[in-house]
Amino acid sequence: MTARSGPRTSSTRRRRTASAAPASSFRCLRNDGADEMTAPANLHASAVAVSDRGILIRGPAQSGKSALALALLRRGPGLGMTSELVADDRVLAEAAEGAVRLSAPGTLKGLIEISGIGIHREPARPFVDLWLVAELVEPRSITRLPGTLVTEIVGREFPLVRLPWRESGRAADILLTLALSGRLPD
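Below, the structure is looked at part by part. (Residues numbered from 1 in each chain as written. Predicted model: local features only at pLDDT ≥ 70, side-chain atom pairs only at ≥ 80, totals over all residues. Heavy atoms only, no water.)

**With respect to the nonpolar core**
Looking at soluble globular proteins, one finds that nonpolar side chains tend to be buried together.
Okay, so step 1: Within the largest apolar cluster, 25 residues are counted, with the highest numbers of intra-cluster contacts made by Ile57, Leu68, Leu72 and Leu175.
Okay, so step 2: For this core, the secondary structure elements donating two or more residues are strand E6 (41-50), strand E7 (53-58), helix H1 (65-75), strand E13 (127-137), strand E15 (156-164) and helix H2 (168-181).
Okay, so step 3: Contact partners of Leu175, with chain neighbours within four places excluded, come to Ile55, Leu68, Leu72, Leu132, Ala134, Val161 and Leu163.
Okay, so step 4: One finds Val86, Ala93, Leu102 and Val128 within the second-largest nonpolar core, a separate group that totals 21 residues. (Core = buried A, V, L, I, M, F, W, Y, C linked by side-chain atoms within 4.5 Å. Buried < 20%, exposed > 50% of the residue type's maximum accessible area, 1.4 Å probe, protein only. Helix = DSSP H or I, 4+ residues; strand = E, 2+ residues; numbered from the N terminus. Contact = heavy atoms within 4.5 Å.)

This is how it looks when you write it as structure tokens:
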């Protein structure tokens, strides 16, 4: 996860873009010359649907992606929000109908890793359209007022929030607050 070559500026607000791992999908040209996505990106991440809003959780190994997904699944219903697992550990992301659709590879559908316990079966939703990317990072690297952050997933930009790794409760509360309000960070 490397940052692009510096801040992007728009007329109304500062935007910084962070990029996922290199080349997140394959492209080919159709016979008419149009660009077309041909294979979904296979991302090392987790994905949860919170009230039909897709949240992609990414971060380094052992940063708490699965723990955050589990916290969202357990805390959301207490706020009257549906929270459904989409994928854990590996997420397929592909352009579909003007959105980026997240799903689980077939062999991992409905499975989530609970650290110190093992693999757990969880009811899973087949897919969700991406709404927000949550990136788990070292807490001291988080800027208090970062401005608007965006990241690119399969050729489209999405809002990005940077959250402290290994603090699933705190991170879940922040994400559920955003989903409950329907408001993206700016």
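**Observations concerning the packing of H1 against H2**
Okay, so step 1: Two elements in contact, H1 and H2, have axes whose closest approach is 9 Å; the angle formed by their N-to-C orientations is 55°. One finds that H1 runs oblique with respect to H2. Helix-helix and strand crossings are classified by hand; for H1 and H2 the assignment is right-handed. Only Ser168, Gly169, Ala171, Ala172, Asp173, Leu175 and Leu176 of H2 make contact with H1, whose side of the interface consists of Ala67, Leu68, Ala71, Leu72 and Arg75.
Okay, so step 2: Of the residues in the contact of H1 with H2, the class split is eight nonpolar, two polar and two charged. (Axes fitted to C-alpha atoms, helices over the stretch in contact; angles between N-to-C directions. Parallel < 35°, antiparallel > 145°, perpendicular 65-115°, else oblique. Left-handed = near helix turned anticlockwise from the far one by under 90°. Nonpolar A, V, L, I, M, F, W, Y, C, P; charged D, E, K, R; others polar.)

**Digging into the environment of Val133**
Okay, so step 1: With respect to the helices and strands, Val133 occurs in strand E13.
Okay, so step 2: For Val133 and Leu56, which are 77 residues apart along the polypeptide, the C-alpha to C-alpha distance reads 4.8 Å.
Okay, so step 3: Those residues within four positions of Val133 in sequence are excluded, and the remaining contacts are Leu56, Arg58, Thr151, Ile153, Phe158, Pro159, Leu160 and Val161.

**Let's talk about the pairing of strand E14 (residues 148-153)**
Okay, so step 1: Burial analysis of E14 places five of its six residues in the buried class, which makes it a mostly covered element.
Okay, so step 2: Between E14 and the antiparallel strand that follows it, E15, lie two residues; Val154 among them carries a positive phi value of about 40°. (Pairing = 2+ DSSP bridges.)

**Comments concerning H2**
Okay, so step 1: The first and last C-alpha atoms of H2 sit 20 Å apart over 14 residues, in line with the 20 Å expected at 1.5 Å per residue.
Okay, so step 2: Along H2, the residues that are buried comprise Gly169, Ala171, Ala172, Leu175, Leu176, Leu178 and Ala179.
Okay, so step 3: Turning to H2, the residues buried within the fold contact E6, E7, H1, E13 and E15.
Okay, so step 4: Looking one or two residues beyond H2, the residue adopting positive phi is Gly182, at roughly 75°. (Expected span 1.5 Å × (residues − 1).)

**Some remarks on the packing of aromatic side chains**
Okay, so step 1: A full pass over the atoms with the stated rule returns zero aromatic pairs.
Okay, so step 2: Just above the ring of Trp131 sits the side chain of Arg53; from NZ or CZ to the centre is 5.3 Å.
Okay, so step 3: Between Arg166 and the ring centre of Trp165, over which it is positioned, the NZ or CZ distance is 4.8 Å. (Phe/Tyr/Trp six-rings, centres within 6.5 Å; stacked < 30°, edge-to-face > 60°. Lys NZ or Arg CZ within 6 Å of the ring centre and 35° of its normal.)

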